[in-house]
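Take a look at the letters that make up each chain.
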Amino acid sequence: MSKENGMTDRIDARELMREAYENRYTWDKSFPGYTTDITLKRSGEAIAAKARVNRDLSADILEISDESAKKEIQNQLWEIAIHRIRRSFEQTHGKNTFSLGETDETGAVEILLGGKSEGDRYKLRDREVCMVHRHIHGVVVTIHTFSSHDTGEGYLSHRYDSIYHDPETGEAKGGRSVFEDNYEKVGDYYILTSRTIETEVDGETVKTEYGFSNVKLLEPALV
């Protein structure tokens with residue numbers, strides 16, 4: 001590969017990644033937070049709670065006595081909110097380099113990262129990330145996205161799976177989980193209203209359902 005072609009690859013890979021990154025749906029800085037009623041269903045059991053997701057994206061879980069379920073709900077609301085934070089491409093990827101990998105039979109283009117996120121890789125299709133392979137907190141997570149919601153203001157993942165591996169041995173840590181997320185627009189913001197997770201546990205599939213209803217935005221803070 002010539003020096004010129006190598007430079008072109010890096011520029012193209014970075015711009016492709018930037019386009020997909022900036023095409024994600026995120027909440028703007030005026031996001032006020034919201035309240036919601038929650039139902040957690042699993043193994044024939046239903047647990048109810050209420051939650052307040054604050055403007056800083058922290059969450060308060062209310063009217064629930066089951067501490068284990070409370071922690072599960074807290075984790076889900078954190079995971080939901082963390083993906084809605086709006087950061088610039090440079091804030092997130094400014095210390096990374098990008099190069100083009102293979103293009104698969106579906107037309108998805110592989111992007112290989114170097115720099116701060118050395119070893120991570122993504123696949124992009126139609127200005128969306130359809131595969132993530134990242135090293136996070138001592139494990140490797142691989143996520144494949146099968147469908148998405150087009151909000152007109154960016155995309156949201158609809159159906160996707162995830163599996164964790166040991167970064168040294170490649171051994172799976174836990175079973176594969178398949179997610180389905182659905183959203184509704186409340187005021188100016190898309191809010192998750194249901195999440196179903198099917199996880200393989202000891203050869204069986206465990207289904208967990210989160211329902212978020214009666215969603216109401218909080219009053220905007222006075223400036």
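See above for the structure.
Residues numbered from 1 in each chain as written. Predicted model: local features only at pLDDT ≥ 70, side-chain atom pairs only at ≥ 80, totals over all residues. Heavy atoms only, no water.

Caption draft 1: Main features of the layout of surface pockets. In this structure, the largest pocket encloses a volume near 1,900 Å³. What lines the largest pocket is a set of 49 residues, and nearest its centre among them are Glu 79, Ile 82, His 83, Arg 134 and Ile 143. Considering each element in turn, the lining of the largest pocket owes the most residues, 7 residues, to helix 2 (residues 67–82). Of the residues that constitute the lining of the largest pocket, the class distribution is 20 nonpolar, 16 polar and 13 charged. Considering only enclosed or pocket space, the second largest pocket measures out at about 160 Å³ in volume. In terms of lining residues, the second largest pocket is bounded by Trp 27, Asp 28, Lys 29, Phe 31, Arg 55, Leu 57, Arg 84, Ile 85 and Arg 86. Residue classes in the lining of the second largest pocket are distributed as 4 nonpolar, no polar and 5 charged. (1 Å grid on protein atoms, 1.4 Å probe; cavity = no way out; pocket = protein on both sides within 12 Å on 5 of 7 lines; lining within 4 Å. Points joined across faces, edges and corners; volume = space filled by probe spheres on them. Helix = DSSP H or I, 4+ residues; strand = E, 2+ residues; numbered from the N terminus. Nonpolar A, V, L, I, M, F, W, Y, C, P; charged D, E, K, R; others polar.)

Caption draft 2: Seen up close, the sheet that holds strand 9 (residues 155–165). In spatial order, the strands read 3-2-1-12-11-10-9-8-7-6-5-4; together these 12 strands make up an open sheet with antiparallel pairing. Looking at strand neighbours, the two that pair on one side only are strand 3 (59–62) and strand 4 (96–103), the edges of this open sheet. When strand polarity is set aside, the average angle formed by the axes of neighbouring strands in this sheet is 20°. (Pairing = 2+ DSSP bridges. Axes fitted to C-alpha atoms, helices over the stretch in contact; angles between N-to-C directions.)

Caption draft 3: Here's a closer look at the nonpolar core. Counting 32 residues, the largest nonpolar core has Trp 27, Tyr 34, Ile 61, Ile 73, Leu 77 and Ile 191 as its most contacted members. Broken down by secondary-structure element, the contributors of at least two residues to this core are strand 1 (34–42), strand 2 (45–53), strand 3, helix 2, strand 9, strand 10 (177–186), strand 11 (189–201) and strand 12 (204–217). If near-sequence neighbours (up to four positions away) are discounted, Tyr 34 is found in contact with Trp 27, Ala 51, Arg 52, Val 53, Leu 77, Ile 191, Val 215, Lys 216, Leu 217 and Leu 218. In terms of nonpolar packing, the next biggest core, distinct from the first, is built from 13 residues, Tyr 21, Phe 89, Leu 113 and Val 132 among them. (Core = buried A, V, L, I, M, F, W, Y, C linked by side-chain atoms within 4.5 Å. Buried < 20%, exposed > 50% of the residue type's maximum accessible area, 1.4 Å probe, protein only. Contact = heavy atoms within 4.5 Å.)

Caption draft 4: Inspection of the pattern of salt bridges at higher detail. By the definition in use, this model includes 14 salt bridges. Taking the shortest distance from any N to any O, the salt bridge between Arg 134 and Asp 120 comes out at 4.0 Å. Linking Arg 134 in strand 7 (residues 128–136) with Asp 120 in the loop between strand 5 (109–115) and strand 6 (121–125), this pair joins segments that are 14 residues apart in sequence. The salt bridge involving Asp 161 is made with Arg 176; its shortest N-O contact spans 2.7 Å. Here Asp 161 is found in strand 9, whereas its partner Arg 176 is found in the loop between strand 9 and strand 10, with 15 residues between them in sequence. Here the residues in one salt-bridge network are Arg 14, Glu 15, Arg 18, Glu 22 and Glu 90, joined through shared partners. (Salt bridge = Lys/Arg side-chain N within 4 Å of Asp/Glu carboxyl O.)

Caption draft 5: Fine view of the packing of aromatic side chains. Taken as a whole and judged by the stated rule, the model has 9 aromatic pairs. When the ring of Trp 27 is compared with that of Phe 31, the centres are 3.9 Å apart and the planes differ by 5°; the resulting orientation is stacked. Relative accessible area serves as the criterion here: at 4%, Trp 27 is assigned to the buried category. Overall, the relative accessible area of 3% leaves Phe 31 in the buried class. (Phe/Tyr/Trp six-rings, centres within 6.5 Å; stacked < 30°, edge-to-face > 60°.)

Caption draft 6: Structural context of the environment of Glu 209. Here Glu 209 is to be found in strand 12. Judged by its relative accessible area of 33%, Glu 209 falls in the partly exposed class. Setting aside chain neighbours within four positions, we find Glu 209 in contact with Thr 39, Leu 40, Lys 41, Arg 195 and Thr 196.

Caption draft 7: Up close: unusual backbone geometry. With a phi angle near 55°, Glu 63 is a residue other than glycine that sits in the positive phi range. The topology assignment puts Glu 63 in the loop between strand 3 and helix 2. A relative accessible area of 63% places Glu 63 in the exposed class. Even without being glycine, Arg 127 reaches a positive phi, approximately 60°.

Taken by themselves, the reported measurements are silent on function.
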